Structure formats: structure tokens, C-alpha cells
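Given next are the chains, with one letter for each unit.
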Amino acid sequence: MSSASQWQPVLEAALAVRSRAYAPYSHFAVGAAVQAKSGAIYSGCNVENASYGLTVCAERNALFQAIAAGEREFSILAVVADTPQPVAPCGACRQVMAEFGVDIIVLANLAGDVLVYRLEELLPAAFQGGNDKI
């Protein structure tokens, strides 16, 4: 598993972008950041919509920013929210992380609690587009 020195810059980027979340309905601001294997860090926040199905989670927003910049390989993704315990990504975000091979997931809250997982711990048997071996 990666060390704090490897994921700390990604976590700091997630914390910084959290303040830009657009969450007028849930009031649940989330920040996320992803580090590409190139070393570049991309961040994203959740963006809600009155039509809830159009809401985009912070994790997917960060990944989509990186993909728009031409990245395709990722190593670490961090998520920060103001919760009693670090918040875990939703299933849709976990599946997008699996699609792009995110390896390490760092979850944190504003109190400074941090949990670190490998993606397969959060999403065992991810969908592989018909290539599943289940």
C-alpha cells in the first residue's frame, strides 16, 4: 500500500476543491482528486442539479477532468467530506475507477481521519464488459 508521502498531495488537492462544490440541495460538499501515473493531479467537486439524476459526484468529476486532459492511467484517488467517518465512493464512482484502473483510494474527513484502500477491497468483482470471470 502507498505511504502518506505518496498520497498527501492528492488528499490536499481534494480538500482544497471541496470548498467549490455546488450542493444547494443536499448541502453535502465533497472534494476529490486523482493522480495520473504521469504524476499530474486533477481535482473535482460534486455538482448537484435539481434533476437529481444529472448530479455528478466529485470522484467522477476529478476523473473526467483528467481524461479530458488526455490521461488514461491513474494511481491514487482521494475523497474528502465533512462526515463523522471518512466517506466511501458510491457504486457508480467505484465502477468508473475500475474502468480506468485506479489502484489506491484515500478516504478522509475534515477531522483528519484517513482510511486507505485498494480498489478491489471496495469493489470486488468489478464489471469488465462481458469479460467477468465470476
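Scroll up to find the structure.
Residues numbered from 1 in each chain as written. Predicted model: local features only at pLDDT ≥ 70, side-chain atom pairs only at ≥ 80, totals over all residues. Heavy atoms only, no water.

## Brief notes about the environment of Pro 9
Looking at the secondary structure, you find Pro 9 in helix H1 (residues 4–18). On a C-alpha basis, the gap between Pro 9 and Asn 49 in space is 29 Å, while along the polypeptide they are 40 residues apart. (Helix = DSSP H or I, 4+ residues; strand = E, 2+ residues; numbered from the N terminus.)

## Some words on a nonpolar patch on the surface
A cluster of nonpolar side chains, namely Tyr 22, Tyr 25, Val 47 and Tyr 52, defines an oily patch on the protein surface of about 440 Å² accessible area. Relative to the helices and strands, Tyr 25 is located in the loop between H1 and strand E1 (30–36). For Tyr 25, a relative accessible area of 39% translates into the label partly exposed. (Patch = residues over 30% accessible without salt bridge, like charges linked within 9 Å, V, L, I, M, F, W, Y side chains within 5 Å. Areas by Shrake-Rupley, 256 points an atom, 1.4 Å probe, with all protein chains shown as cover. Salt bridge = Lys/Arg side-chain N within 4 Å of Asp/Glu carboxyl O. Buried < 20%, exposed > 50% of the residue type's maximum accessible area, 1.4 Å probe, protein only.)

## Details of the pattern of salt bridges
Using the criterion set out here, one finds two salt bridges in the structure. The partner of Asp 103 in a salt bridge is Arg 118, and the shortest N-O contact between them spans 2.7 Å. Note that Asp 103 is positioned in the loop between helix H3 (91–99) and strand E4 (104–109) and Arg 118 in strand E5 (residues 114–118), a separation of 15 residues in sequence. Overall, Arg 118 belongs to the partly exposed group, its relative accessible area being 28%. Ionic pairing is found between Arg 118 and Glu 120, a salt bridge with its closest N-O pair at 3.2 Å.

## Structural notes on the nonpolar core
Of all hydrophobic cores here, the largest spans 25 residues; its most connected members are Val 34, Leu 63, Phe 74, Leu 77, Met 97, Val 102 and Ile 105. The biggest single contributor to this core is helix H2 (residues 58–68), with five residues. Within the second largest apolar cluster, 12 residues are counted, among which are Ala 14, Ala 33, Val 80 and Ile 104. (Core = buried A, V, L, I, M, F, W, Y, C linked by side-chain atoms within 4.5 Å.)

## Quick look at H2
When you tally the buried positions in H2, you get eight out of 11 residues, the bulk of the element. Along H2, the residues classified as buried are Ala 58, Glu 59, Arg 60, Asn 61, Ala 62, Leu 63, Ala 66 and Ile 67. Gly 70 sits one or two residues past H2 and shows a positive phi near 100°.

## With respect to the packing of aromatic side chains
Going through the model one piece at a time under the given rule, you end up with two aromatic pairs. Considering the side-chain rings of Tyr 25 and Tyr 52, the 6.1 Å spacing of their centres and the 85° angle between planes classify their relative orientation as edge-to-face. Taken together, the positions of Tyr 25 in the loop between H1 and E1 and Tyr 52 in the loop between strand E2 (41–45) and H2 put the pair 27 residues apart, joining distant regions of the chain. Among the residues examined, Tyr 52 registers a relative accessible area of 61% and is labelled exposed. With 6.2 Å between their ring centres and 80° between their planes, Phe 74 and Phe 100 make a pair best called edge-to-face. Pair noted here: Phe 74 is in strand E3 (residues 74–81) and Phe 100 is in the loop between H3 and E4, with a separation of 26 residues, a long-range link. (Phe/Tyr/Trp six-rings, centres within 6.5 Å; stacked < 30°, edge-to-face > 60°.)

## What about the pairing of E1?
Here E1 lies mainly inside the structure; seven of its seven residues are buried. A two-sided burial pattern is seen for E1, the buried positions comprising Val 30, Ala 32, Val 34 and Ala 36 on one face and Gly 31, Ala 33 and Gln 35 on the other. Here E1 pairs with E3 via seven bridges, running antiparallel. In the sheet register, Ala 36 faces E3, and the bridge partner there is Phe 74. The pairing of E1 with E2 spans five bridges and is antiparallel. The residue bridging Ala 32 from the neighbouring strand is Gly 44, located in E2. What sits between E1 and E2 in their antiparallel hairpin is a turn of four residues, with Gly 39 showing a positive phi close to 105°. (Pairing = 2+ DSSP bridges.)

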